[in-house]
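For reference, the chains in residue letters:
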Amino acid sequence: MKTQMENQMENMAAQNPSRRKFLKESTALMGGLVIGFYLPIKSGRAYAADAPPKLVYPPNAFIRIAADDSITIVVNKSEMGQGVYTSLPMLIAEELEADWSRIRVESAPVAAVYNHTGFGMQMTGGSSSIPSSWEQLRQVGASGRILLIRAAAQQWGVPEGECHAENSQVIHAGSGKKLSYGKLADAAAKLPLPDNVALKSPKDFKLIGKATKRLDTPAKINGSAQFGLDVYLPGMLTVLIARSPVFGGKVKRFDATEARKLPGVQGVYQVPTGIAVAASGFWPAKTARDLLEIEWDEGPGAALSTPKMRAEYLELAKQPGAIARKDGDTVQGFKAAHKSISAEYEIPYLAHAAMEPLNVVVDLKPDHCSIWTGTQMQTMDHAMAAKTAGLKPEQVEIHTTFLGGGFGRRANPRSDFVVEAVQVAMAVAQPVKVVWTREDDTRGGNYRPMWSDHIEAGIAKDGKPLAWKHTLVGQSIVADTSFEAFMTHNGVDATSVEGAATLPYVIPNLQVELHSPKNAVPVQWWRSVGHSHTAFVVETMIDELAHLAGKDPVAYRLGILPADSRYRGVLQLAAKNAGWGKKKLPAGHAYGVAVHKSFDSYVAEIAEVSLENGKIRVHRVVAAVDCGMVINPDGVRQQIEGGIVYGLSAALHGAITLENGRVMQSNFHDYAPLRFSEMPRVEVDIVASGELPTGIGEPGTPPIAPAVANAVFTLTGKRLRRMPFDQESFA
Amino acid sequence: MISLIINGKTTKVDADPNTPLLWVLRDHLQLTGTKYGCGIAQCGACTVHLDGRAVRSCVTPVSMASGKQVTTIEGLAETALGKTVQAAWQEVDVPQCGYCQSGQIMAATALLKENLHPSESEITAAMDGILCRCGTYNRIRAAIQKVAKHPLLAEQSGGAK
Ligand code: FES
Ligand code: FES
């Protein structure tokens, strides 16, 4: 069975809008695009500091060629570290035959032409930027190339077929004539769009598949890259908000007398989410916020405590839930089983903890609203901002800055941080920058849901799995959002069970059930979404079955994966590179393995682990990935490295817990990302493939927790079934 | 008024002397390359140099910086070493989201200024306080290890140091 998400991903290619329609809309949009994007701002190193290049060639919304031969690619996805400001321009440049050294990048404004080809709105998520742009952006590049060649051929009075494009030039081989794109752009812009656009065969790729340096690195090593927090407008105030200490709580009364006295404080306002302090900068705003006296009406959220919730969840895990998958008959399967085991799993809430805390700049005028923020969800934020401000959509614009990490948090299905900032701007009659402190960000909810799982599994005499019953308990991310209608069916949110209902192993009697309790804690997608917990549960239980069957964990998996499964390739490659079963590891070290598919990409990871002073130490991770055709191999490596670190941080240390409705963690001392000294060596190998490209931002994350847990079992004989692992003692 | 020397230039700012240097750099001077990550000396995103030594500007009152040489990421390229560290970062293509990288580069440069040939464990010790949520640590290590042998360093500093 495929999840909704996977179906959606597979449909992307089929759902591409008709090219002509799409290009026409793009052309029609150019006027608005130019005006919208280059809103002049005068202060500091403002967002649009570069003078706009003279626009001479606007055949569509994605490419602009200037007379000086520079080429601007307008990228419709948010750059949050995953490399889209490099990989997406590569798709266009490949077909455009552009001189890569002259490519520059701009972020797209909000417009329908920039919608995600699969999701029908402008957004970045689901590891889908490459798969959803693969056809579209190559077509954009190819139609540009055709028009430029046509313009040159007409100018020279030669047949088009005798000309070709290379390195931002059109060349007539017979006469040796050459014209640069910058010189042809004007004429090309006047030509009608081509009807048939043939795309290159992969064997002719010059750029796609080559390790390519990121275009955003220069700005990110000299301090000039502009994140949301770096936007300064004239007359702008910094706003910090005192939010309820309990989810869903409301202000009962407040006293701001002391806060208002502080130099630099301009005003204190009640807004729907709490009390907003507006000041000349962060420091006076923060100092004044600390002086507020607020009485809260805490509401039912105050009853939430992690141990109580855990007990309820574990109880629920024993009850029948909504059926997410049913193969064969598990009752008969367990009867016939040679040996059975069962286990309970406890997985906590997690904060995204991007390095850049949330922030939004809003300049609200009676008839216009400009927003600067690092968002992954432009269309929804745009609509929600307009609705909140009481403006027409065309009166609102969003400038997407660099994102100091996203990991899903900046794609809020309720547009929480944007709506709140617009509400603040409505209260404060000046441009505002709403800044979340690290504490606000950590305690602000919208977490990866907490999960309790129960699995019972039985094997046949030959050791192969015969029956498997998995019950999951955790909040649905899409419940009560606009995503619910297409992501939840028969009580099953596809993202809750992805990786569990889609496990690849041959198990004749298999049932997966889901409970989706509701409570006041807002939840959200967190790098790899459902896979972030299902891979841990499934891949540690499969390891238990291997052990129960007395088989080697890699051989066992290979024995129960379908013969044509792409899981096999990554598993075998990782095992080979790690020297699984062959390499002699240092005393006290052990390997653990896991393999998982997410976002249509397959990743196997083998972790080399030891215990140091009773603590888990991960020395090395050998990863193999199959993500179809690769655009930028170095980008793939970065994402697997980063995905492993993100997953390892959660596996070893990550937990958000509640007491009396209050989040117990606040900052990096008690919600600890992996540090430099904990970093394993990471070796990434990529399976050569001619399949369509698939996701890469998230698939590195799921396998690391089970790989480490399985290694710890080999070392200690102890099964880790609770995350994070640092709550266990190995003394 | 507090007088500051930032990247070689003297500037006066009107700020409460207790204001952390970080917020003076950002809110008063719009030197936004120095980042806020935690505000409590836990992440290193705010790392700058004070008389050549790495400090956390989020917990350094601006009054303490008065009269000292403050170097931020914006001024780093003015020294041969700073330029070389940035070149090494570029060659290894270290950044992902990039938000932590100013702090990483400032911390690495301070380390290399004292010790151009740090051992593995000296690198770990110097960099352990600077968090990267995107997981660029191995590339940071690789970039630091490139600096001593980098041709740019010899070229810029005439082979000295
Ligand atoms: S912001 Fe200063 S150490 Fe985190
Ligand atoms: S590059 Fe994103 S936090 Fe380090």
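Here's what I pulled together on the structure shown here. (Residues numbered from 1 in each chain as written. Chains lettered and ligands numbered in written order. Predicted model: local features only at pLDDT ≥ 70, side-chain atom pairs only at ≥ 80, totals over all residues. Heavy atoms only, no water.)

A look at the overall build of chain B
Across its full length, chain B holds seven helices and five strands. Scanning chain B from its N terminus toward the C terminus, one meets helices and strands in the order β-β-α-β-β-α-β-α-α-α-α-α. For chain B, the C-alpha radius of gyration of 15 Å lies close to 15 Å, the compact-globule estimate for 161 residues. Dimensions of chain B, computed from the C-alpha atoms along their principal axes, are close to 45 × 35 × 25 Å. A total of 161 residues make up chain B; the buried ones form 60% of that total. Counted over contacts in chain B with a minimum sequence separation of 6, partners at least 24 positions apart contribute 58%. For chain B, the accessible surface area stands at approximately 5900 Å², while carbon and sulfur atoms represent 52% of it. A gap of 2 Å separates the mean positions of the 15 positive and 13 negative side-chain charges of chain B. (Helix = DSSP H or I, 4+ residues; strand = E, 2+ residues; numbered from the N terminus. Rg over C-alpha atoms; globule rule 2.2 N^0.38 Å. Buried < 20%, exposed > 50% of the residue type's maximum accessible area, 1.4 Å probe, protein only. Contact = heavy atoms within 4.5 Å. Areas by Shrake-Rupley, 256 points an atom, 1.4 Å probe, with all protein chains shown as cover. Lys, Arg positive; Asp, Glu negative; His and termini not counted. Charge placed at Lys NZ, Arg CZ, Asp CG, Glu CD.)

Examining the overall build of chain A
When helices and strands are tallied, chain A shows 20 helices and 29 strands. Expected size for 731 residues packed as a compact globule is a radius of gyration near 27 Å; at 27 Å, chain A falls within 12% of this value. Its C-alpha atoms put chain A at 80 × 75 × 50 Å along the principal axes. Per-residue burial for chain A yields a buried fraction of 65% across its 731 residues. Expressed as a percentage of contacts within chain A between residues at least 6 apart in sequence, the contacts between residues at least 24 apart total 77%.

Structural notes on the packing of helix α16 (residues 531–548) of chain A against helix α17 (residues 553–560) of chain A
Residue and element names in this part refer to chain A. α17 packs onto α16 with a crossing angle of 100° between their chain directions and a minimal axis gap of 9 Å. Comparing the axis directions of α16 and α17 gives the class roughly perpendicular. Contacts between α16 and α17 involve Glu539, Ile542, Asp543, Leu545 and Ala546 from the first element and Pro553, Tyr556, Arg557 and Ile560 from the second. Taken together, the residues that form the contact of α16 with α17 break down as six nonpolar, no polar and three charged. (Axes fitted to C-alpha atoms, helices over the stretch in contact; angles between N-to-C directions. Parallel < 35°, antiparallel > 145°, perpendicular 65-115°, else oblique. Nonpolar A, V, L, I, M, F, W, Y, C, P; charged D, E, K, R; others polar.)

Overview of the interface of chain B and chain A
With 49 residues of chain B at the interface, the matching set in chain A holds 61 residues. Across the chain B to chain A interface the summed buried area is about 4600 Å²; carbon plus sulfur atoms make up 56%. When residues of chain B are sorted by the area they lose upon contact with chain A, B:Gln96, B:Tyr99 and B:Arg133 head the list and together hold 18% of the total. The tally of links between chain B and chain A comes to four salt bridges. For the salt bridge of B:Arg26 with A:Asp230, the shortest nitrogen-to-oxygen distance reads 2.9 Å. Where chain B packs against chain A, one counts 30 residue pairs in polar contact (both at pLDDT 80 or more). For the side of chain B that touches chain A, the secondary structure elements donating two or more residues are α1 (21–28), α3 (80–92), α4 (101–114), α5 (120–127) and α6 (137–147) of chain B. Take the side of chain B that touches chain A: its biggest share by element is five residues, from α6(B). The residue makeup of the side of chain B that touches chain A, split by class, is 22 nonpolar, 17 polar and 10 charged. (Buried area = accessible area lost by both parts, 1.4 Å probe. Salt bridge = Lys/Arg side-chain N within 4 Å of Asp/Glu carboxyl O. Polar contact = N/O pair within 3.5 Å; in protein donor to acceptor, adjacent residues only side chain to side chain.)

Focus: the sheet that holds strand β5 (residues 69–71) of chain B
Residues and elements named next belong to chain B. Spatial ordering of the open sheet is given by β2-β1-β5-β3-β4, a layout of five strands whose pairing is mixed. Each having just a single partner strand, β2 (9–13) and β4 (53–56) make up the two edges of the open sheet. Each strand axis lies, on average, 40° off the axis of its neighbour in the sheet, ignoring direction. Where strand β1 (residues 2–6) lies against β5, two bridges are found, and the strand directions are parallel. Across the sheet, residue Ile5 finds its bridge partner in β5, namely Gln69. (Pairing = 2+ DSSP bridges.)

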